[in-house]
Amino acid sequence: MDFALTDEQELLLESVREFCDRYFTEDIVKQMYETHSMPDEIAEAYRDAGFGLMGIPEEYGGIPADRVTIGLMIEELYRRAGCMHILYQNSLSMFDIMEFGTEAQKQEAMEHYMETGWPIASLSISEPGAGSDNRSMTTVAKKQADGTYKLSGQKTWVTMGAVLPYTIVIAKDEDPSHDNGSMSLWLVKMDTPGVSTAPLHKIGQQCIPFCEVYLDDVVLTEDQRMGKPGEGFMMLMKNFEVERAYIVAEQVGLAQAALEDAAKYANQRIAFGKPIARLEMIQELLADMEIKVQNTRNMLYKTLWMMDEGQSVQLESAMLKRYGCSSCFEVADSALQIYAGLGYTTEVRVGRLWADMRGNMFGGGTHEIMAYIAGRQVAKKYAE
Amino acid sequence: MRIAVAFKAVPDSQDVQVASDRTLDFSKAKLTISEYDKNAIEAGARAAAASGGETVAVTVGGSDIDNSKLKKDVLARGMDRLVMLADDALAGLDAAATASALAGALSKAGDVDLVLCGDGSADDYAQQVDVQLAEKLGWPVVTAAAQVEVNGATTVIVRALEDCTETVEVELPAVVSVTPDAAEPRIPGMKDILAAGKKPMEVSAADGPCERALETVECLAPEQAARKQEIVDAANDGAIEKLAAAIKAAL
Amino acid sequence: MKALVIAEHADVARELAGGARGLGADEVSLVCFGGVVDNAADTVLNVAVPEGALVDDAYLALVPFAEQSDAVLVEATRRGKVIAGRLAAKMGTAAATATVALTQDGARGTYFGGVAERVQKPAAGTAVYLVAAGVCDAAQASGAGEAVDVAWVAPERAAKATAVEPRERTAADPTKSDVVVAAGRGFAEEADLDLARALAEKLGGAIACSRPLTEGVNWLPTELYVGVSGLTVTPKVYVAAGISGQMQHMVGANRSGCVVAVNKDKNAPVFKQCDFGIVGDVKEVLPALTAAL
């Protein structure tokens, strides 16, 4: 087994560090959390460095990259920035459009991205009554006599929903009942009559605003559909696996940042006449934090490597999300404990990392649903 | 139009450690492009893009600079090709010896119209190689260039000097060294990085022995001046007054 | 021994002439491109720089004088560095940089951004030293200053100066002040620099800054930047306001008499390198301090 990075991967990580150091300064990060946004300048620089084009097909101006390399890039983007910025999540909706969209949708999405540095669309998936239980969603698109469709329903936790010009909506075809598994993806323009939003306020990740999206008899035309009718859910599921892995890449990057801060602080903070890093109970915390970070990282890159090899990762991606997001959150929690009172203030960033990382224990699929997916797979794997 | 950019590979200063005997320990430091040379590389890449010319990066140093990552790093920053002399005979040279070796490397690069240098190297920061190189080549040199505009055979440079801003015209070929303000280095993307490995790299040994004009008598970390380190919180009663009194006492 | 001093500023010329005596020179020649320097050297060389020529190119007229000298001391300005480099190259040597000290042991300069100090001297022949302002003692300078006119020698292919715009010194010179108030990244807005100016004014001192305030944001001119590639200052009191205390900056300030640090981050490295530190925002501390003085 070769764990070494290639020259190219190392240089990419150096570029990511240069980018983060230049743009995510302490003042800018503070401002992002206060204003619930990110300066356009950063989105543009991210585009110019080509980071946002990684994994987009070459014929659309993208840069082909394997998933291990993309994972490495994401981890470093979050470790070095030390904040839960939007940059990587931006790519997720772009991936969906490039994979499932029509030619016209792909062209428009790339033009918009190259012009602004921002993705064209948010993702409207969850509903107040249907998060991990996607089948319970009630948003529905019904065909009208004139050949158009009418879309109705409510979506929630839509990241950047009120900011980006479009949203990708998953809706049931014709019939909103639980038994209907036929769904489609629609690319809906936010300024279409019948589309409205209401802000939601977060306890962490404040620099990435999310909102509710209301869809009241929104008229859609066939060319707004992404991919084949009826297969919307399967399409989303297909990308869920890699998305989960990328969320863990963010999470382990943030955990590494928290670990580095805490270890540095433990070396400086004097209690009982010596640095607290010399106290055994602090050493135990630090050791377990490092173990969790390294374990998560090993699972992450193994899973991404398997995907690159074309292997099924239904089990691995669910285990990774479940283990990685919670273990890394525990790292942040221990970091906060090492900082104690100081960590509970806004003077240091560890509390912010802690609140940001808590969100990744349900964003992209809850901890519990991951156990459900993984458990079934484990039972199947060892069935006689 | 061919623009050469001279750069230096130095140990990454963040990983240079001070040993207990105050000597410097470079064993954990990886080689990297000296920080201000990145500005020269960027200035060269931009000037070549504007004039449709070719860029060639040149460097000399110990055999360890023949490092695949370092070479790709330079070529990912807008250079078309690389000429490198890597030889232990070329390790730790002074400015005169460096300039002689660089002149040799340049002769392998083909006819060059303009040589760009950075503001100073991360280790020596003597700002001497540019001048010494110009003397070896018999060319004019313009240092402290905050703006460089190549107009055909003439280059117009705005120099940021201590007491004035001086506009200078120089006929090429010439050596020009740029300040960090001249061009902010690009952040190489994956496309640049992947392309770098496919660009021509010419690595050879030293042409002959290199004599050093300077000898190093000592090189040690300075002993820290003992400071009182009396720290107070601004919120404490009388903190400001105490500080004011300390300043008055020191004057 | 014979020494040649080359400087751009009269006060530094005097320091270098003193430094030449410190090296044991019994015969000192001096050329200064900025002002008259009396009673500092045995001989004063007058080099008139023709209109449109670069001061840098004065080296060619000085080659014979350098070749006759055992040591050439050049003020470490941008132009001085070109002159020193050209002369050193002509004589087959390299200039040694003295940013910290110049003694008979050699030139002591910072190495790797101040991580170390290095002493270098030439193995043989004429020594060429690049000497920073403040390194040598002007008090040792002496001499009748017999004037000698030196004819300009133009290089075969010379660069032409088409315009020179003096940079207005809006502020006092930090290298010559008893008090320096240096501003760093802890200043959130350019307007807050007035707080540093007010404190400097109250103390009759100069303001200075760390690199981030000159590079990129351009809040202050580069001539006020203290650090390894900028100024070295030696005031009685150095106030580092909103400066974290990176080595690259502190190396330019750590020979100050008393170092005072103001920073809102109590873990900032500057607090390990100061005599008096106050943990607080520059926006609150500086006006209060100015008032308390």
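Residues numbered from 1 in each chain as written. Chains lettered and ligands numbered in written order. Predicted model: local features only at pLDDT ≥ 70, side-chain atom pairs only at ≥ 80, totals over all residues. Heavy atoms only, no water.

*Asks:* Would you mind showing me how to read the overall build of chain A here?
*Replies:* Along chain A, the regular secondary structure elements total 11 helices and 10 strands. For a compact globule of 384 residues, the expected C-alpha radius of gyration is about 21 Å, and chain A comes in at 21 Å, within 12% of that figure. Overall size of chain A, expressed as C-alpha extent along the three principal axes, is 80 × 55 × 40 Å. A fraction of 72% describes how many contacts in chain A between residues 6 or more apart in sequence connect residues 24 or more apart. (Helix = DSSP H or I, 4+ residues; strand = E, 2+ residues; numbered from the N terminus. Rg over C-alpha atoms; globule rule 2.2 N^0.38 Å. Contact = heavy atoms within 4.5 Å.)

*Asks:* Is there a simple way to explain the overall build of chain B in this structure?
*Replies:* Secondary structure summary: chain B contains 6 helices and 15 strands in total. Seen through its C-alpha atoms, chain B measures out along the principal axes to roughly 70 × 40 × 40 Å. A burial count over chain B gives 53% of its 251 residues as buried. Long-range pairs, those at least 24 residues apart, make up 72% of the contacts in chain B between residues at least 6 apart in sequence. With 24 positive and 41 negative side-chain charges, chain B shows a separation of 6 Å between the mean positions of the two kinds. (Buried < 20%, exposed > 50% of the residue type's maximum accessible area, 1.4 Å probe, protein only. Lys, Arg positive; Asp, Glu negative; His and termini not counted. Charge placed at Lys NZ, Arg CZ, Asp CG, Glu CD.)

*Asks:* Where do I start with the packing of helix α7 (residues 232–268) of chain A against helix α9 (residues 314–339) of chain A in this structure?
*Replies:* The relative placement of two packed helices is expressed as an angle between their axes plus a distance between the axes. All names here are of chain A. Interaxial distance between α7 and α9 falls to 8 Å at its minimum, and their mutual angle equals 20°. With respect to α9, the axis of α7 lies roughly parallel. In terms of crossing hand, the pair formed by α7 and α9 is left-handed. In terms of residue class, the contact of α7 with α9 is built from 19 nonpolar, 4 polar and 4 charged. (Axes fitted to C-alpha atoms, helices over the stretch in contact; angles between N-to-C directions. Parallel < 35°, antiparallel > 145°, perpendicular 65-115°, else oblique. Left-handed = near helix turned anticlockwise from the far one by under 90°. Nonpolar A, V, L, I, M, F, W, Y, C, P; charged D, E, K, R; others polar.)

*Asks:* Looking at this structure, I do not really get the pattern of salt bridges. What am I missing?
*Replies:* Between side chains of opposite charge, pairing is possible as soon as their charged atoms come close. In total, this model carries 51 salt bridges over all chains according to the counting rule given. Residue Asp178 of chain C pairs with Lys236 of chain C through a salt bridge whose shortest N-O separation is 3.8 Å. Here Asp178 of chain C is found in the loop between β11 (160–166) and β12 (179–183), whereas its partner Lys236 of chain C is found in the loop between β13 (206–209) and β14 (237–241), with 58 residues between them in sequence. Looking at Asp178 of chain C, the relative accessible area reads 41%, which means it is partly exposed. Ionic contacts of the salt-bridge type, sharing partners, join the residues Glu18 and Arg22 of chain A together with Asp73, Arg77 and Glu184 of chain B into one network. (Salt bridge = Lys/Arg side-chain N within 4 Å of Asp/Glu carboxyl O.)

*Asks:* Please clarify how the UniProt feature "domain: Acyl-CoA dehydrogenase/oxidase N-terminal" (unreviewed entry) in chain A should be interpreted in this entry.
*Replies:* Under the present numbering, the feature "domain: Acyl-CoA dehydrogenase/oxidase N-terminal" (unreviewed entry) in UniProt falls on residues 6–110 of chain A. The annotated region residues 6–110 of chain A carries 70% helix and 0% strand content, and the separation between its end C-alpha atoms amounts to 29 Å. (UniProt positions renumbered as here; feature names shortened; annotations may be inferred.)

*Asks:* Can you walk me through the pairing of strand β9 (residues 141–151) of chain B in this structure?
*Replies:* Residue and element names in this part refer to chain B. With 3 bridges connecting them, β9 and strand β12 (residues 174–178) associate as parallel partners. Across the sheet, Val142 pairs through a bridge with Val176, a residue of β12. Alignment of β9 against strand β10 (residues 154–160), held across 6 bridges, turns out to be antiparallel. Considered in β10, the bridge of Ala145 is made with Arg159. The turn linking β9 back onto β10 is made up of 2 residues, and Gly152 within it adopts a positive phi angle of 60°. (Pairing = 2+ DSSP bridges.)

*Asks:* Even after reading the chapter, I still don't get the UniProt feature "domain: Acyl-CoA dehydrogenase/oxidase C-terminal" (unreviewed entry) in chain A, so can you show me in this structure?
*Replies:* The UniProt entry lists residues 230–378 of chain A under the feature "domain: Acyl-CoA dehydrogenase/oxidase C-terminal" (unreviewed entry), expressed in the numbering used here. Structurally, residues 230–378 of chain A comprises 76% helix and 3% strand, and the distance from its first C-alpha atom to its last is 29 Å.

*Asks:* Help me understand helix α6 (residues 282–292) of chain C in this model?
*Replies:* Counting along an α-helix, one turn takes 3.6 residues, and residues three or four places apart therefore face a common direction. Residue and element names in this part refer to chain C. Burial in α6 covers these residues: Val282, Val285, Leu286, Leu289 and Thr290. Looking straight down α6, one finds its buried side chains confined to an arc of 125°; they lie on one side. Exposed residues pointing more than 90 degrees away from the buried face of α6 are listed as Glu284 and Ala291. Of the residues flanking the start of α6, the one acting as N-cap is Asp281, its side-chain oxygen 3.0 Å from the backbone nitrogen of Lys283. (Arc of directions from axis to C-beta. Polar contact = N/O pair within 3.5 Å; in protein donor to acceptor, adjacent residues only side chain to side chain.)

*Asks:* Just checking my understanding: could you explain the nonpolar core for this structure?
*Replies:* Among soluble globular proteins, nonpolar side chains are generally buried collectively. Counting residues in each nonpolar core, the largest one holds 151 residues, and the members touching the most others are Phe19, Phe24 and Tyr88 of chain A. The greatest single-element share of this core, amounting to 18 residues, is contributed by α7 of chain A. In this structure, Phe24 of chain A is in contact with Phe19, Val29, Met32, Met38, Ile42, Ala81, Cys83, His85 and Leu87 of chain A, ignoring residues within four places of it in sequence. Phe187, Leu220, Ala241 and Phe276 of chain C belong to the second largest nonpolar core, which has 36 residues in total. (Core = buried A, V, L, I, M, F, W, Y, C linked by side-chain atoms within 4.5 Å.)

*Asks:* Would you take a moment to explain the packing of aromatic side chains for this structure?
*Replies:* For any pair of aromatic rings, the description consists of the separation of the ring centres together with the inter-plane angle of the planes. Taken as a whole and assessed by the stated rule, the structure comprises 13 aromatic pairs over all chains. Note on Tyr265 of chain A and Tyr339 of chain A: the rings are 4.4 Å apart at their centroids and 15° apart in plane angle, and the pair reads as stacked. Of this pair, Tyr265 of chain A sits in helix α7 while Tyr339 of chain A sits in helix α9, and the two are 74 residues apart along the sequence. Like Tyr339 of chain A, Tyr265 of chain A is buried. Between Phe26 of chain B and Phe112 of chain C, the ring centres sit 5.6 Å apart and the planes meet at 45°, which makes this aromatic pair tilted. (Phe/Tyr/Trp six-rings, centres within 6.5 Å; stacked < 30°, edge-to-face > 60°.)

*Asks:* It is not clear to me how the domain arrangement of chain A should be interpreted in this structure. Could you clarify?
*Replies:* A common way to state how big an interface is: give the accessible area lost once the parts meet. All names here are of chain A. For chain A, the assigned domains are domain 1 (7–116), domain 2 (121–230) and domain 3 (233–382). One C-alpha centre belongs to domain 1, the other to domain 3; they are set 21 Å apart. Contacts between the two partners involve 23 residues from domain 1, matched on the other side by 26 residues from domain 3. Of the roughly 2200 Å² buried at the junction of domain 1 and domain 3 (both faces included), carbon and sulfur atoms supply 59%. Counting across the domain 1 and domain 3 interface gives 4 salt bridges. Measuring nitrogen to oxygen at the nearest pair gives 2.9 Å for the salt bridge that ties Glu75 to Arg297. Our count for the contact surface shared by domain 1 and domain 3 stands at 11 residue pairs in polar contact (both at pLDDT 80 or more). Contributions of two or more residues to the side of domain 1 that touches domain 3 are made by α2 (26–35), α4 (67–81) and α5 (87–100). For the side of domain 1 that touches domain 3, the element with the most residues is α4, which contributes 10 residues. Of the residues in the side of domain 1 that touches domain 3, the class split is 14 nonpolar, 3 polar and 6 charged. (Domains from an automatic or database assignment. Buried area = accessible area lost by both parts, 1.4 Å probe.)

*Asks:* Mind showing me how you'd approach the sheet that holds strand β7 (residues 106–111) of chain C here?
*Replies:* Two orientations exist for strands paired in a sheet by backbone hydrogen bonds: parallel and antiparallel. Ordered by their spatial adjacency, 4 strands build an open sheet running β14(B)-β8(C)-β7(C)-β6(C), and the pairing between neighbours is antiparallel. Each edge of the open sheet carries a strand with a single partner, namely β14 (214–220) of chain B together with β6 (101–103) of chain C. Mean inter-strand twist for the sheet, computed between neighbouring axes without regard to direction, equals 25°. Across 5 bridges, the pairing between β7 of chain C and strand β8 (residues 116–122) of chain C is antiparallel. The residue of β8 of chain C that forms the bridge with Gly109 of chain C is Arg118 of chain C.

*Asks:* So what exactly am I meant to see when it comes to the sheet that holds β13 of chain C here?
*Replies:* In spatial order, the strands read β15(B)-β16(C)-β15(C)-β14(C)-β12(C)-β13(C); together these 6 strands make up an open sheet with parallel pairing. Unpaired on one side and paired on the other, β15 (230–233) of chain B together with β13 of chain C mark the two borders of the sheet. On average, each strand axis in the sheet is tilted by 20° relative to the strand beside it, whichever way the strands run. Lying over the sheet, helix α6 (residues 239–250) of chain B contacts β15 of chain B together with β14, β15 (258–263) and β16 (276–279) of chain C, oriented at roughly 155° with respect to β16 of chain C. Running over the sheet, α6 of chain C touches β14, β15 and β16 of chain C and is turned about 135° from β15 of chain C.

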